[in-house]
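# Chain and residue survey
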Amino acid sequence: MTEKLVIVGNGMAPGRMLEHLFECAPGRFDVTIFNAEPRVNYDRILLSPVLSGEKSFEEIVIHGDGWYIDNGITLYKGHKIVGIDRAAKTVRSEHGEVAPYDKLVIATGSVPFIIPVPGHTLPGVLTYRDLDDVQAMMLAAKSRGRAVVIGGGLLGLEAAAGLQAQGMEVTVIHLMPTLMERQLDPAAGYLLQKELESRGIEVLTKASTRAIHGEGRVQSVELEDGTVIPADLVVMAVGIRPNAFLGKEAGLEVNRGIVVDARMQTSDPDILALGECAEVGGLTYGLVAPLYQMANVAARHLAGEIGPVFSDQAMATRLKVTGVDLYSAGDFAEGDDREEIVLRDASAGVYKRLVLKDDRIIGAVLYGEAADGPWFFDQIRNRTDISAMRETLIFGQAYQGGAPLDPMAAVAALPDEAEICGCNGVCKGKIVGAIKDKGLTSLDDVRAHTKASASCGTCSGLVEQLMALTLGDAFNPQAVKPMCGCTDLGHGDVRRLIRAKTLKSIPAVMQELEWKTSHGCAKCRPALNYYLVCDWPQDYADDYQSRFINERVHANIQKDGTYSVVPRMWGGVTSAKELRAIADVVEKFDIPTVKVTGGQRIDMLGVKKEDLPAVWADLGKAGFVSGHAYAKGLRTVKTCVGSEWCRFGTQDSTGLGIRLEKFMWGSWTPAKVKLAVSGCPRNCAEATCKDVGVICVDSGFEIHFAGAAGLDIKGTEVLGLVKTEDEALEHIVALVQMYREQGHYLERIYKWAKRVGIEEIREQILNDADRRRDYFDRFVHSQKFAQVDPWSERVSGKDKHEFKPMATLTMEAAE
Amino acid sequence: MNMAVQTWIEIGQLADIPPLGARCVKTPHGRVAVFRAADDRVFAIEDRCPHRGGPLSQGIVHGNAVTCPLHNFVISLETGEAQGADEGSVATFAVRVEDGRLFLHADALRRLVA
């Protein structure tokens, strides 16, 4: 019989525990997780790259929704557990959900420490703990204002660097004389401070916060010495404490954290605790390696194995700030029984220090050049006697045993059991084995199969060197990512070759570019079809079998196989006649849901496929055409009411929006394109997060582009200011055409712009009138073939086969 | 004694299905998707992705496989098995072409019930 396993908390430790558990005791437990955060399990270590904009949330998800479904886990998102009834063996969430358990795992993590100075509850004072904090910081950073980070430890400095990357002016306040004093000695702390200051981050050490001031929201921070620092945002990153509240409430033995034995068991035999909330051997932990060790121990325990026990081990730290190379491991306090070896190279900004005891390394601090960190860490953990290599030890592994100064040679010389990935405890032998046995050729593959470099990612370089060693010339990390498994060419190459070789059909592309499959796949065919539609509007016959179902039947497929229908509503403006027609259609076809979309239109959801042509016929009679709500093409042009009604409106934003939509509808693009026009800088149409936006001002039209408000959130870039509506139209159309010609399939405008450069786009569209005109003309030419309403085509009989079953069989036929 | 009766049901013409396309056949117990590959081979499988029930007949056909329109599971038309790292399978049914006419084996009606 399966036992009920309930887990409170959905962080990295319980996620890893479940991976181990499903491996060693598959099917044994029926798993339910309660997560106070409303989302799946993600890599908390990588929040800093998300804050600095180098990664998206998507990229740091460890287990997507599919993983929970595949493993039969019931995941309650946004459910905080408020009580454990140990007698009844149940837990209760704040929403009243009660779940029984046979085994309970508490993994509630930690809570950030907040200094209770006056003003600490003001809006604008944040901590740095989870994705909500990061999103709040990114939002605050949009103001480009001033941020004060209290705390110069690992998290505080990563927050400071991230906020600065987002455009804020940042001051770090640190109580101690040097930064990161728990991981760095004073010399390295000083070098780090210099580096941050040279980047424009102000660092105040030996500084104590007296109060936070502000009317309604934070405005400044006051220090004990009376200094007042203006601040629009304050981030407190002064440490964490174990979140042991639940354990304490339930009467478990609690000290700093929930007390567990070396097998992660609490004082109740049916309850385990692990992660940052657990206290083992009098210590609590906050770094990922020991937490993953706990996860393994707990999984083996749950599986009923005698299994491993938790042991305290030396830990290594890296600071994840791009461009700062820093590594520290072990114990580097000074002492009478200790010696040290120091190397300084001021011109290169390098500082290395090893702390030795009894001819063994016990601690290492590396600044400016940290590649040897893992090797030193290995020597620490293996308690290697270094007396024979003492003279050259500080120069690192490459100098030992007369090995050449080749980083590859250093990696080659590592023994199989040398640890490459500290976060996940993956050794060299396991990585090389997986590359050989499973034929892995990309870093992503190695991550998927071994977990090496899948957490903080700092060992990616080492893993790539291992791949190079194992695969030889077959490994090329700089290689262009192929479109799909059917070709070695990337999107850019394919687009260039289609034009250079005048390829005008999918079979021609596949033949000439030596496709490896006979008819491509679901990834490359839609891309090729778009490229050909875009490049040869007059000659190319659209291949409907290469289009995704939505673009084939001109409606959006829903999870139950029905479709949704969105008619075009120019600029979001409608009339009694149109609304009446929609109401009639909804009643006639028994359409279950009618919804106003985010793009100012009306969506009819749950339409049966067979009914689509009849629905369109009725809508067509009222003058509606397809809204292309399903297309990689022009979607909506959102508008505000503008000067016609609004007392603040400076131009006719509704009119310009309608004009743009009527000009551009029907065009296919690499990914969807959404526009908006706002009549004044109050921006009611939210134009500054669109693919292309216009902000009307007294002096004309400010054109924006490359915004995003989906998986990524990004404000637009300004293309420039033009004086007339005609000019605005010409610039926008030219910009979209440039994107149509250069974008990779499924690449939104903001990603394309990042790839080709904002300046380049501005140069071609704003400054080069001839070029702009050429783009404009090519768009106009293409529209001659694209502006055909697909709904009316289908009402008149095109692609009839798409909408009807081929046959309907009854049981009698089979008897 | 239970003799298996070989029954074939005519469901339409090969020309009803575009190359690299699909049509579906409605039965009292669910839909059967009928596919036409590039070489005019014809396949019939249950029109229900093993992942989340997506209508496979609406997917993109490539080689002897189809990609589900909901979450991109790739299903082999020959074996009904999910390809790559995904797991799951759908029922497959016999179908044959004679003089451009399509016949589906009556099994399609029975096996969907089971």
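Source: prediction; values computed, not measured.

## Here we look at the overall build of chain B
Of regular secondary structure, chain B possesses one helix and 10 strands. When the helices and strands of chain B are placed in sequence order, the string is β-β-β-β-β-β-β-β-β-β-α. Sorting the 114 residues of chain B into buried and exposed places 54% on the buried side. Considering only residue pairs separated by 6 or more positions, chain B has 40% of its internal contacts joining residues 24 or more positions apart. Counting every atom, chain B has about 5,200 Å² of accessible surface; 45% of that belongs to carbon and sulfur.

## Some remarks on the overall build of chain A
Across its full length, chain A holds 26 helices and 41 strands. Across the 815 residues in chain A, those meeting the buried criterion constitute 52%. Considering only residue pairs separated by 6 or more positions, chain A has 61% of its internal contacts joining residues 24 or more positions apart. Looking at chain A as shown, the accessible area adds up to about 35,500 Å², and 51% of this sits on carbon and sulfur atoms.

## Regarding the pairing of strand 2 (residues 21-27) of chain B
Of all seven residues that make up strand 2 of chain B, six are buried, and the element is covered over most of its length. Where strand 41 (residues 807-808) of chain A meets strand 2 of chain B, two bridges bridge the pair, whose relative direction is parallel. Residue pairing for strand 2 of chain B: A:Ala807 is matched across the bridge by B:Val25.

## Brief notes about helix 5 (residues 131-141) of chain A
One turn of an α-helix holds 3.6 residues; hence residues three or four places apart share an orientation. Residue and element names in this part refer to chain A. For helix 5, every residue scored as buried is listed here: Leu 131, Asp 133, Val 134, Met 137 and Ala 141. Projected down its long axis, helix 5 shows its buried positions confined to an angular sector of 155°, all on one face. Contact partners of the buried residues in helix 5: strand 3 (41-42), helix 2 (47-52), helix 3 (57-60), strand 11 (125-127), helix 6 (154-165) and strand 18 (233-236). For helix 5, the N-terminal capping position is held by Asp 130, with its side-chain oxygen 3.1 Å away from the main-chain nitrogen of Asp 132.

## Things to note about the interface of chain A and chain B
The partner chain B presents 36 residues to the 31 residues of chain A that form the contact. With both chains or domains summed, chain A and chain B bury close to 2,700 Å², and 64% of this area falls on carbon and sulfur atoms. In this structure, the connection of chain A to chain B is made through one salt bridge. Close ionic contact of B:Lys26 with A:Glu610 constitutes a salt bridge, the shortest N to O distance being 3.0 Å. For the side of chain A that touches chain B, the secondary-structure elements that each account for two or more residues are helix 17 (524-535), helix 18 (549-553) and strand 41 of chain A. Its residues assigned to classes, the side of chain A that touches chain B comprises 15 nonpolar, nine polar and seven charged.

## Structural notes on the sheet that holds strand 14 (residues 202-204) of chain A
Whether parallel or antiparallel, the strands of a sheet pair through hydrogen bonds between backbone atoms. Residue and element names in this part refer to chain A. Taken in spatial order, the five strands make up an open sheet running 11-18-12-13-14, and their pairing is parallel. What marks the edges here is a single partner per strand, and that holds for strand 11 and strand 14. Going across the sheet, the axis of each strand differs from the next one's by a mean of 20°, ignoring polarity. As paired elements, strand 12 (residues 146-150) and strand 13 (residues 169-173) share five bridges and run parallel to each other.

## Observations regarding the packing of helix 22 (residues 725-742) of chain A against helix 23 (residues 749-756) of chain A
All names here are of chain A. Following both chains from N to C, one finds helix 22 and helix 23 inclined at 80°, their axes separated by 11 Å at the closest point. Of the possible angle classes, the one that applies to helix 22 and helix 23 is roughly perpendicular. The segment helix 22 lies against helix 23, with Leu 735, Met 738, Tyr 739 and Gln 742 engaging Ile 749, Trp 752, Arg 755 and Val 756. For the contact of helix 22 with helix 23, the class distribution of residues is six nonpolar, one polar and one charged.

## With respect to the confidence of the model for chain B
For chain B, per-residue confidence averages 87 on the pLDDT scale, and 91% of positions sit at 70 or higher. Mean pLDDT across the elements of chain B ranges from a minimum in helix 1 (residues 107-111) of chain B, with 72, to a maximum in strand 4 (residues 42-46) of chain B, with 95.

## A short note on the sheet that holds strand 33 (residues 602-607) of chain A
Residue and element names in this part refer to chain A. Here we have four strands laid out as an open sheet, ordered 30-31-33-32, and antiparallel in their pairing. In this open sheet, the two edge strands, each paired with only one partner strand, are strand 30 (556-557) and strand 32 (593-596). One ladder, built from two bridges, connects strand 30 with strand 31 (residues 563-565); its direction is antiparallel. Pairing of Ile 557 across the sheet is with Tyr 563, part of strand 31. Each of strand 31 and strand 33 touches helix 20 (residues 612-621); the most contacted strand, strand 31, lies at about 5° to it.

## Overview of the nonpolar core
Counting 68 residues, the largest nonpolar core has A:Trp515, A:Leu528, A:Val565, A:Leu619, B:Phe35 and B:Leu56 as its most contacted members. Examining the composition of this core, we find that eight residues originate from one element, helix 17 of chain A, more than from any other. For this core, the domains that each give at least three residues are domain 4 (491-547) and domain 5 (551-792) of chain A. For B:Phe35, the residues in contact, after removing those within four places along its chain, are B:Gly21, B:Ala22, B:Arg41, B:Val42, B:Phe43, B:Ile45, B:Leu56, B:Ser57, B:Val61, B:Val66 and B:Leu77.

## Points about the pairing of strand 27 (residues 360-367) of chain A
Residues and elements named next belong to chain A. Taken across its eight residues, strand 27 has seven buried, putting it largely inside the fold. In terms of strand pairing, strand 24 (residues 326-330) meets strand 27 through five bridges, oriented antiparallel. The residue of strand 27 that forms the bridge with Tyr 327 is Leu 366. Note: strand 26 (residues 350-357) against strand 27, seven bridges, orientation antiparallel. Residue pairing across strands places Arg 353 opposite Val 365, the latter belonging to strand 27. Counted between consecutive antiparallel strands, the loop separating strand 26 from strand 27 contains two residues, among which Asp 358 sits at a positive phi close to 50°.

## Here we look at the pattern of salt bridges
Residues and elements named next belong to chain A. For the coordinates displayed, the defined rule picks out 53 salt bridges over all chains. The residue Asp 799 makes a salt bridge to Arg 794 at a minimum N-O spacing of 3.3 Å. The buried category is assigned to Asp 799, whose relative accessible area is 18%. On the basis of relative accessibility, which here comes to 3%, the residue Arg 794 falls in the buried class. Among the charged side chains, a network of salt bridges with common partners joins Glu 37, Arg 39, Arg 44 and Asp 132.

## Let's talk about helix 15 (residues 491-500) of chain A
Residue and element names in this part refer to chain A. Buried within helix 15 are the following residues: His 491, Val 494, Arg 495 and Ile 498. Burial along helix 15 is one-sided: seen end-on, the buried residues are contained in an arc of 100°. Facing away from the buried side of helix 15 by over 90 degrees, the exposed positions are Arg 496 and Ala 500. Where helix 15 is buried, its residues contact helix 16 (506-512), helix 17 and helix 22.

## A few points about the side chain of A:Thr716
Residue and element names in this part refer to chain A. With respect to the secondary-structure elements, Thr 716 resides in the loop between strand 39 (713-714) and strand 40 (717-722). Thr 716 gets classed as buried once you look at its relative accessible area, which sits at 16%. Polar contacts involving the side chain of Thr 716 include one to the side chain of His 704, which spans 2.8 Å. The residues touching Thr 716, leaving out its near neighbours within four places in the chain, are Ala 687, Thr 688, Cys 689, Lys 690, His 704, Phe 705, Ala 706 and Gly 707.

## Comments concerning the packing of aromatic side chains
Aromatic rings in a pair are described by how distant their centres are and how their planes are angled relative to each other. Residues and elements named next belong to chain A. Within the structure shown, the criterion is met by 14 aromatic pairs over all chains. With centroids separated by 5.6 Å and ring planes inclined at 90°, the aromatic side chains of Trp 616 and Phe 803 adopt a geometry described as edge-to-face. Here Trp 616, found in helix 20, pairs with Phe 803, found in the loop between helix 26 (790-795) and strand 41; they are 187 residues apart in sequence, far enough to count as distant. Judged on exposure class, the residue Trp 616 and its partner Phe 803 are both buried. What links up through ring pairs into an aromatic cluster is the set Phe 22, Trp 67 and Tyr 68. In this structure, Arg 547 packs its charged tip against the face of Trp 668, placed 3.8 Å from the ring centre.

## Overview of the environment of A:Leu18
Residue and element names in this part refer to chain A. Among the secondary structure elements, Leu 18 is positioned in helix 1 (residues 12-24). The sequence separation of Leu 18 and Val 31 amounts to 13 residues, and the corresponding C-alpha distance is 9.0 Å. In contact with Leu 18, not counting residues within four places along its chain, are Leu 5, Ile 7, Val 31, Ile 33, Trp 67 and Ile 73.

## Considerations on the environment of A:Ile695
All names here are of chain A. Residue placement: Ile 695 occurs in strand 36 (residues 692-697). Placed 42 residues apart in sequence, Ile 695 and Ser 653 show a C-alpha to C-alpha distance of 8.5 Å. Leave out the neighbours within four places in its chain, and Ile 695 touches Ser 678, Cys 680, Pro 681, Asn 683, Ala 687, Thr 688, Gly 700, Phe 701, Glu 702 and His 704.

What counts as what
- Every chain begins its residue count from 1, and numbering advances along the sequence as written.
- The naming scheme follows written order: chains are lettered A onward, ligands numbered 1 onward.
- Whole-chain, interface and lining totals are the exception, using all residues; otherwise, since this is a predicted model, local features are given only for residues with pLDDT of at least 70 and side-chain atom pairs are given and counted only at 80 or more.
- To obtain the side-chain values, all non-hydrogen atoms of the structure were used and water was disregarded.
- Each helix is a run of H or I in the DSSP string that is no shorter than four residues. Each strand is a run of E no shorter than two, and both are numbered from the N terminus.
- Throughout, exposure labels follow a simple rule: accessible area from a 1.4 Å probe, protein chains only, divided by the maximum for the residue type, with under 20% read as buried, over 50% as exposed, and the rest as partly exposed.
- By definition, residues are in contact when any of their heavy atoms lie within 4.5 Å.
- All accessible-area figures derive from a Shrake-Rupley calculation using a 1.4 Å probe, and residue coverage is judged against the displayed protein chains alone.
- By this definition, two strands are paired if DSSP reports at least two bridges between them.
- The arc in question is formed by the directions pointing from the helix axis toward the C-beta atoms.
- Here a polar contact means two N or O atoms within 3.5 Å. Within protein one must be a hydrogen donor candidate and the other an acceptor candidate, and residues neighboring in sequence count only if both atoms are side-chain atoms.
- Simply put, the buried area is the total loss of 1.4 Å probe accessible area from both parts when two parts are fitted together.
- Salt bridge, as used here: a side-chain nitrogen of Lys or Arg that lies within 4 Å of a carboxyl oxygen of Asp or Glu.
- Each residue is assigned to one of three groups, with Ala, Val, Leu, Ile, Met, Phe, Trp, Tyr, Cys and Pro labelled nonpolar, Asp, Glu, Lys and Arg labelled charged, and all others, Gly among them, labelled polar.
- To get an axis, fit a line to the C-alpha atoms, keeping to the stretch in contact for a helix; angles then go from 0 to 180 degrees between the N-to-C directions.
- If an angle is under 35 degrees, it is roughly parallel; if it is over 145, roughly antiparallel; if it lies from 65 to 115, roughly perpendicular; otherwise it is oblique.
- What pLDDT expresses is the predictor's confidence in each residue, scored from 0 to 100.
- The set of buried Ala, Val, Leu, Ile, Met, Phe, Trp, Tyr and Cys residues whose side-chain atoms join them within 4.5 Å is what this entry labels a nonpolar core.
- All the domain ranges listed were derived from an automatic or database domain assignment.
- Aromatic pairing here means that ring centres of Phe, Tyr or Trp (its six-membered ring) are within 6.5 Å. Orientation follows from the plane angle: under 30 degrees is stacked, over 60 is edge-to-face, and everything else is tilted.
- We count a charge as sitting over a ring when the NZ of a lysine or the CZ of an arginine lies within 6 Å of the ring centre and within 35 degrees of the ring normal.

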